[in-house]
Amino acid sequence: MIDHAAIATWPAWVGKIALFVGLLACAGTMVAYVLSLVRPDQRRPLWMGRFFYALTALSVLTTFGCLAWLVFNYHFEYQYVWEHTGRGMSPWYRFAATWAGQEGSFLLWAAWTSVLGFLVFAKAGKYEAKVMPFFVSVLGFLCGILLRQSPFNMIPLPSVADLAAHPEWHYP
């Protein structure tokens, strides 16, 4: 029988919470930058937009790190890891397996977009408040997709009736 205490669920919870925080921070970023457009004489909405964007990027990168941790540590109880990795893979292939599936690819796109966003708001100058709401909306959509189609879904455990009917499923 599977020891439920041995299953590492904290990366999945951290990843899902980070995605949710990232989605909320995306909304905060857009609101702050729109306020910055409405009140161009005030600097506070601009700084709040930058803060919320940094929170968004940190959340997305944390989620990517959680998925990479699951892949590197062979947590086959997660469906994404089970479908895209194997014990015979070299470390470089395991690293690539982090984005091998659709969910991982969306997460990779979100991670690169969040890193590039720092370049955008650093170089946009006076256009920052006009560009960043559109830029961060991409991250918002990616976070929303990843909340719906999560790479942190666990493989369902067989029921007691299934185990009784199939003795070959029992662990030694």
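Everything numeric in this text was worked out from a predicted model, so none of it was measured.

Cut-offs applied
Residues numbered from 1 in each chain as written. Predicted model: local features only at pLDDT ≥ 70, side-chain atom pairs only at ≥ 80, totals over all residues. Heavy atoms only, no water. Helix = DSSP H or I, 4+ residues; strand = E, 2+ residues; numbered from the N terminus. Buried < 20%, exposed > 50% of the residue type's maximum accessible area, 1.4 Å probe, protein only. Contact = heavy atoms within 4.5 Å. Areas by Shrake-Rupley, 256 points an atom, 1.4 Å probe, with all protein chains shown as cover. Phe/Tyr/Trp six-rings, centres within 6.5 Å; stacked < 30°, edge-to-face > 60°. Patch = residues over 30% accessible without salt bridge, like charges linked within 9 Å, V, L, I, M, F, W, Y side chains within 5 Å. Salt bridge = Lys/Arg side-chain N within 4 Å of Asp/Glu carboxyl O. Polar contact = N/O pair within 3.5 Å; in protein donor to acceptor, adjacent residues only side chain to side chain. pLDDT = per-residue confidence, 0-100. Axes fitted to C-alpha atoms, helices over the stretch in contact; angles between N-to-C directions. Parallel < 35°, antiparallel > 145°, perpendicular 65-115°, else oblique. Left-handed = near helix turned anticlockwise from the far one by under 90°. Nonpolar A, V, L, I, M, F, W, Y, C, P; charged D, E, K, R; others polar.

## Structural notes on the overall build of the protein chain
Phase 1 of the analysis: Secondary structure summary: the protein chain contains seven helices and zero strands in total.
Phase 2 of the analysis: Listing the helices and strands of the protein chain from first to last along the sequence gives α-α-α-α-α-α-α.
Phase 3 of the analysis: Within the protein chain, the proportion of its 172 residues that are buried is 40%.
Phase 4 of the analysis: Considering only contacts in the protein chain between residues 6 or more positions apart, those separated by 24 or more positions represent 71%.
Phase 5 of the analysis: Here the protein chain displays about 10200 Å² of accessible surface, and carbon together with sulfur accounts for 70% of that area.

## Side note on the packing of aromatic side chains
Phase 1 of the analysis: Scanning the entire structure with this criterion turns up eight aromatic pairs.
Phase 2 of the analysis: Considering the side-chain rings of Tyr-53 and Phe-118, the 5.4 Å spacing of their centres and the 80° angle between planes classify their relative orientation as edge-to-face. Taken together, the positions of Tyr-53 in helix α2 (residues 44-72) and Phe-118 in helix α5 (residues 102-123) put the pair 65 residues apart, joining distant regions of the chain.
Phase 3 of the analysis: Measuring from centroid to centroid gives 6.5 Å for Phe-72 and Phe-95, while their planes differ by 50°, and the two rings are tilted. In this pair, Phe-72 sits in helix α2 while Phe-95 sits in helix α4 (residues 91-97), placing the two residues 23 residues apart along the sequence.

## A look at a nonpolar patch on the surface
Phase 1 of the analysis: Together, Trp-10, Val-14 and Trp-69 line one region of the surface with nonpolar side chains, adding up to about 280 Å² of accessible area.
Phase 2 of the analysis: Assignment of secondary structure puts Trp-10 in helix α1 (residues 10-38).
Phase 3 of the analysis: Accessibility expressed as a relative area gives 48% for Trp-10, which makes it partly exposed.

## Things to note about the side chain of Thr-56
Phase 1 of the analysis: Secondary-structure assignment places Thr-56 in helix α2.
Phase 2 of the analysis: Residue Thr-56 is classed as buried on the basis of its relative accessible area, which comes to 0%.
Phase 3 of the analysis: A polar contact of 3.3 Å, which involves the side chain of Thr-56, links it to the backbone nitrogen of Cys-26.
Phase 4 of the analysis: For Thr-56, the residues in contact, after removing those within four places along its chain, are Gly-22, Ala-25, Cys-26, Thr-29 and Leu-139.

## Concerning the confidence of the model for the protein chain
Phase 1 of the analysis: Per-chain confidence: the protein chain averages 88 in pLDDT, with 87% of residues scoring 70 or above.
Phase 2 of the analysis: The element-level mean pLDDT for the protein chain is lowest in helix α7 (residues 160-165), coming to 63, with α2 highest at 95.

## A closer look at the pattern of salt bridges
Phase 1 of the analysis: Using the criterion set out here, one finds one salt bridge in the structure.
Phase 2 of the analysis: For Glu-128, the salt bridge identified is with Arg-50, shortest N-O distance 2.6 Å. One end of the pair, Glu-128, is in helix α6 (residues 128-148); the other, Arg-50, is in helix α2, and 78 residues separate them in sequence.
Phase 3 of the analysis: Residue Glu-128 is classed as buried on the basis of its relative accessible area of 2%.

## Observations concerning the packing of α2 against α6
Phase 1 of the analysis: Two elements in contact, α2 and α6, have axes separated by 11 Å at closest approach and are oriented at 25°. The angle between the axes of α2 and α6 places the two elements in the roughly parallel class. Note on packing geometry: the crossing formed by α2 with α6 is left-handed. Facing Leu-46, Arg-50, Tyr-53, Thr-56 and Val-60 of α2, the residues of α6 in contact are Glu-128, Met-132, Phe-135, Val-136, Leu-139 and Cys-143.
Phase 2 of the analysis: Residues that form the contact of α2 with α6 fall into these classes: eight nonpolar, one polar and two charged.

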